[in-house]
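Close look at the chain arrangement
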Amino acid sequence: MKKIIYTILTAIFMLASPTFALAKEKLYVINSGSTGGSFNAIMSAYVAELKDKYDVTYVQAKGCTKTKQILEKVQGSKAFYISQGIKAALDPKCDSFVPTAENIVHSHVKFGMLFARKGAVLDLKAGNIKIAYNSTPNKVWLEKMESALSAKSPNTHVLYKNSTAVVLAVLNGETDLGYVNTTPKVFKNKDKLAGVYSLNPEGDSGVPPLNSLVKFEGSEYGQVDNFLTQGFNEQELAEFRKQILDIHNTDNNLSAYFKKAQGTSVTISLPKEKAVEIAQHYVNIWRN
Amino acid sequence: MIDLLPYALMGIGFGVIAGFVPGIGIFATLMILYPFLMDFTGLELVAFYVGISSTTQYIGSITATVFALPGESSSLPSVKEGHALYKQGQGSFAISGAAIGSFVGSLFVLLITSLFVLELENLYYLYSSYIQAIIISLVLCFLILSSKSKIYAVFLVFIGYILGSVGCRIIDEKCFATFDNGDLETGLPLISVLLALYVVPIVLNNWNLKFDYTGVDIKSERFTVHLKKYIDNIGASLRGTLIGFFAGFTPGLSTAMSSNLSYAVEKWIQRKKYKEGNYKALVSAETGNNAGAFACLLPLLVLGIPIVPSEALLYEMAVAKGFSLGGENFNVEFFNTVAYMLVFVNLIALFIAWPFAKYICYLGKLNYKQIQGLILIAFIFIIGYVGSELFQSTYYLIVFFLLLPVGILLRKHDTLPLVFAFIVADRIATVSIPLENLIFN
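What counts, and at which threshold
Residues numbered from 1 in each chain as written. Chains lettered and ligands numbered in written order. Predicted model: local features only at pLDDT ≥ 70, side-chain atom pairs only at ≥ 80, totals over all residues. Helix = DSSP H or I, 4+ residues; strand = E, 2+ residues; numbered from the N terminus. Rg over C-alpha atoms; globule rule 2.2 N^0.38 Å. Buried ≥ 20, exposed ≤ 12 C-beta atoms within 10 Å, placed from the backbone. Contact = placed C-beta atoms within 7 Å. Pairing = 2+ DSSP bridges. Axes fitted to C-alpha atoms, helices over the stretch in contact; angles between N-to-C directions. Expected span 1.5 Å × (residues − 1). Domains from an automatic or database assignment. Nonpolar A, V, L, I, M, F, W, Y, C, P; charged D, E, K, R; others polar. Core = buried A, V, L, I, M, F, W, Y, C linked by C-beta atoms within 7 Å. Left-handed = near helix turned anticlockwise from the far one by under 90°. Parallel < 35°, antiparallel > 145°, perpendicular 65-115°, else oblique. pLDDT = per-residue confidence, 0-100.

For the rest of this paragraph, the subject is the overall build of chain B. When helices and strands are counted, chain B shows 21 helices and two strands. Compactness check: chain B gives a C-alpha radius of gyration of 21 Å against a globular reference of 22 Å for 441 residues, within 12% of the reference. The principal-axis extents of the C-alpha atoms in chain B amount to approximately 70 × 50 × 45 Å. The 441 residues of chain B split such that 56% are buried. For chain B, long-range pairs separated by at least 24 residues make up 78% of all intrachain contacts whose partners lie at least 6 apart in sequence.

A word on the sheet that holds strand S1 (residues 25-31) of chain A. Residue and element names in this part refer to chain A. Read from one edge to the other, the open sheet built from six strands follows the order S2-S1-S3-S10-S4-S11, with strand pairing classed as mixed. Because the sheet does not close on itself, it has two edges, and the strands there are strand S2 (54-60) and strand S11 (264-266). Between one strand axis and the next, the sheet turns by 15 degrees as a mean value, whatever way the strands run. Inspection of the sheet shows strand S3 (residues 78-84) paired to strand S10 (residues 222-230) by six bridges, in the antiparallel sense. Bridge pairing links Gln-84 to Asp-225 in S10. Strand contacts of helix H3 (residues 38-50): S1, S2 and S3, with the helix running at about 165 degrees to S1, the strand carrying the most contacts.

For an α-helix, the turn length of 3.6 residues means that residues three or four places apart are oriented alike. The end-to-end C-alpha distance of helix H6 (residues 91-115) of chain B is 36 Å, a good match for the 36 Å that 25 residues give at a rise of 1.5 Å each. Taken across its 25 residues, H6(B) has 19 buried, putting it largely inside the fold.

Here we come to the domain arrangement of chain A. All names here are of chain A. Each assigned domain of chain A is listed here: domain 1 (23-110 + 222-287) and domain 2 (113-198). Contacts between domain 1 and domain 2 engage 12 residues on the former and seven residues on the latter. By residue number, the principal contributor to the side of domain 1 that touches domain 2 is helix H5 (residues 85-90), which donates three residues. Here the residues of the side of domain 1 that touches domain 2 sort into three nonpolar, six polar and three charged.

Glancing now at the pairing of strand S9 (residues 193-198) of chain A. All names here are of chain A. In terms of burial, S9 is largely enclosed, as five of its six residues are buried. As defined by bridge partners, strand S5 (residues 113-117) adjoins S9 across five bridges and the pair is classed as antiparallel. Looking across to S9, one finds that Arg-117 is bridged to Leu-193.

Turning our attention to H3(A). Between its terminal C-alpha atoms H3(A) stretches 18 Å, which fits the 18 Å expected from 13 residues at 1.5 Å a residue. Three or more residues of H3(A) are buried, namely A:Ser38, A:Phe39, A:Asn40, A:Ile42, A:Met43, A:Ser44, A:Tyr46, A:Val47 and A:Leu50. Its buried side turned inward, H3(A) meets S1, S2, S3 and helix H10 (253-260) of chain A together with helix H16 (309-320) of chain B.

For the rest of this paragraph, the subject is unusual backbone geometry. Here A:Asn128, not a glycine, exhibits a phi torsion of approximately 60 degrees, which is positive. Along the polypeptide, A:Asn128 turns up in the loop between S5 and strand S6 (130-134). A:Asn128 sits in the partly exposed class, given 13 other C-beta atoms within 10 Å. Positive phi is not limited to glycine here, since B:Glu173 has a value of about 60 degrees. Relative to the helices and strands, B:Glu173 is located in the loop between strand S1 (167-168) and strand S2 (175-176). Residue B:Glu173 is classed as partly exposed on the basis of its 14 C-beta neighbours within 10 Å.

Paired through their backbone hydrogen bonds, the strands of a sheet run either parallel or antiparallel. The strand order across the open sheet formed by five strands is S7-S6-S8-S5-S9 (chain A), and the pairing between neighbours is mixed. The sheet is open, and its two borders are formed by strand S7 (156-160) and S9 of chain A, each paired with just one other strand. Here the strands of the sheet are splayed against their neighbours by 30 degrees on average, with no regard to which way each runs. Across four bridges, S5(A) lies against strand S8 (residues 177-180) of chain A in antiparallel orientation. By the bridge assignment, A:Phe115 is partnered in S8(A) with A:Gly178. Across the face of the sheet, helix H21 (residues 416-440) of chain B comes into contact with S6 and S7 of chain A while running at roughly 170 degrees to S7(A).

Attention now moves to the interface of chain A and chain B. For interface size, the figure often reported is the accessible area lost on association. Taken together, the 29 residues of chain A in the interface contact 28 residues of chain B. Elements represented by at least two residues in the side of chain A that touches chain B include exactly H3, S2, helix H4 (64-73), S7 and helix H7 (163-171) of chain A. Across the side of chain A that touches chain B, the residue classes break down as nine nonpolar, 14 polar and six charged.

This part is about the pairing of S3(A). Residues and elements named next belong to chain A. The buried count for S3 comes to six of seven residues, which makes it a mostly enclosed element. Note that S1 and S3 share four bridges and pair parallel. Along S3, the bridge assignment pairs Val-29 with Phe-80.

A word on the nonpolar core. Counting 166 residues, the largest nonpolar core has A:Val170, B:Ala8 and B:Leu195 as the members making the most contacts within it. No other element matches the 16 residues that helix H15 (residues 279-303) of chain B contributes to this core. The contact partners of B:Leu195, leaving out residues within four places of it in the chain, are B:Met31, B:Val200, B:Phe379, B:Ile383 and B:Phe400. Counting residues in hydrophobic clusters, the runner-up holds 44 residues, among them A:Met43, A:Phe97, A:Phe227 and A:Val283.

Once that is clear, we can look at the environment of B:Ile17. All names here are of chain B. Relative to the elements of secondary structure, Ile-17 occurs in helix H1 (residues 5-20). Since 19 C-beta atoms lie within 10 Å of it, Ile-17 is described here as partly exposed. Residues Ile-17 and Gly-373, spaced 356 residues apart in sequence, show a C-alpha to C-alpha distance of 16 Å.

Residues and elements named next belong to chain B. Put simply, helix H9 (residues 150-165) and H21 touch, their axes get as near as 7 Å, and they point 35 degrees apart. Here H9 runs over H21; the crossing is right-handed. Judged by residue contacts, Ala-153, Leu-156, Val-157, Ile-159, Gly-160, Tyr-161, Leu-163, Gly-164 and Ser-165 of H9 engage Pro-417, Leu-418, Val-419, Phe-420, Ala-421, Phe-422, Ile-423, Ala-425 and Asp-426 from H21. By residue class, the composition of the contact of H9 with H21 is 14 nonpolar, three polar and one charged.

Describing two packed helices takes the angle between their axes plus the distance from one axis to the other. Residues and elements named next belong to chain B. Taken N-terminus to C-terminus, the directions of helix H8 (residues 129-145) and H21 make an angle of 155 degrees; their axes are 10 Å apart at the nearest point. On the basis of the axis angle, H8 is roughly antiparallel to H21. Considering how the two elements wind past one another, H8 and H21 form a crossing that is left-handed. Here H8 contributes Ser-129, Gln-132, Ala-133, Ile-136, Val-139, Leu-140, Leu-143 and Ile-144 to the contact with H21, which in turn contributes Leu-416, Pro-417, Phe-420, Ala-421, Val-424, Arg-427, Ile-428, Val-431, Pro-434 and Leu-435.

Residues and elements named next belong to chain B. Mapped onto the secondary structure, Ala-133 falls in helix H8. Since 16 C-beta atoms lie within 10 Å of it, Ala-133 is described here as partly exposed. Setting aside chain neighbours within four positions, we find Ala-133 in contact with Val-431 and Leu-435.

On average, residues of chain B score 86 in pLDDT, and 97% of them reach the 70 mark or higher. Of the two predicted TM-score estimates for the complex, the pTM is 0.81 and the ipTM is 0.79.

Right under this line is the structure:
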């Protein structure tokens, strides 16, 4: 009788414990951004898809310093993390997160947009316009635009926590214009909001390029969010890229997110060399 | 929706324990279950929370009525009126009145709110920095003014704000008191701070409470007799619903405000007729309590603003899973999911809290002091576990143990102003920076 009980208990224990049931390889997925932003949404969606193949531990690092520390602590294990290209270029705390052929999975390429409430008539060159923005690098960019515009009266730049707050500020009339690095939140509210100028030199969904109003260093710069790895050899990285491509090609929360991200593109289907070239280009342009 | 029911059921199960044992409450229960809950998705967490938060309101009145122990301050009217009825041999009516009242209160406010759900969806778009600043200021003023010592409360708010400001802010990436330490840059951990300064003082305050199980007897009557008694007093229940709903928005106090205000108004209405062991006052307070519990959830679900500590913990857990509550994520579909869940949970809780009340009372046979001791030890392991998930277990434990003496010193005081200021510190920066830009530029 005792034997039967022991056998049943052992079976239950083994089934309940993923370590015994199937020895999956450990993978640390690290969100280097805030918990309330789109980085968390994207990385959580990756976790949901990757946990069938890996023993995933999801870590909220909330910044570059902690991300670096965690990557050091998990050296020898596999890690998959997200890094904002503009920060890798401009923020010394993030300068080690540079995309290379050894670490790149893919990048999310996007172009910023200036937007306003539908029907609003705004003249940036006349000035006196309140512009909502988020993140410190965007402040530098807005100042460059401002000096290139030479507006009659200065425009006011209003700093918000994230792109959601920027969109909300324009929606509730707190500011006249908003600037965001990525457009899905603008297009999601297309019944209330309209793009004014896009940083994409070819324009975006009928929104004219900013170059058509003013040209300056950065007026047509795109940005990338880079998806990078640590602890993968060349073959493993190629296999991992294939797994990520499969996730993007399957119906799930992640592929739905990127499909809805109008005006943006991902480089996962490109050969690794091309993906590195694009990622490095969009990091390096911000270094000047 | 159906796939969420098991999570709501689990919430109900733990809600029975959290509601029965005084001083444990929802926050401590969520903490104890943290390692287990982190396997849930965001929506499953919400289902669990709806289960636990609604059920505790039902069960708390049993503990109050039978054992005269207030599970939380919202149960004080039940201790006074319910226990008096119990001593008069009317315990089953006190329990059924509280349970039916709670059920009616919950469903009534749910129905009314569902009529305005489209307006609620658009409410977010009116949520400007000015309105946010007004709300936060009002809340802090209210917490200070409702404290026994206003100066002391101001001091606690200041300390809470300073603690909450440690770390690097997302909005402008400015860091405060981080000393180039990667751990400090992520801020002081919510769990360590809230356990040391909020939960431990409550547990210590309830340390000497005892269940006296000897002679527990709940005489039962026919279902229709109970129902008739409730219907005869339904006016008090409906008054409690309305008062409780609006009072439930009171940050920090929420259900305590709902039940005590409904109770006070009902007593005032009866004035000379009032005698201790008053069924109407009890039903009004309990109905108000549950209406308040729903109202308390709304700011979190609609705007993403937690107004009680357990909601702050739920919010943190949900965002860690990539699930943002409130704001642009609030929509009719989400509301309906929560609404169906609430109906289901309230129905089950009604049955547990009324016909099965005497079985719930068996929990009174447990050695409560031992349970409290175990819970305090469990907290230490859980802090370590949660920290280890972020490679910060030492940091989490150091913060907890550094703040613990402060929590012990403050055990006789209400630490809610401190806790609330800690929770909203980041939000204050998030609102004040754009306002500064808008006003001074």
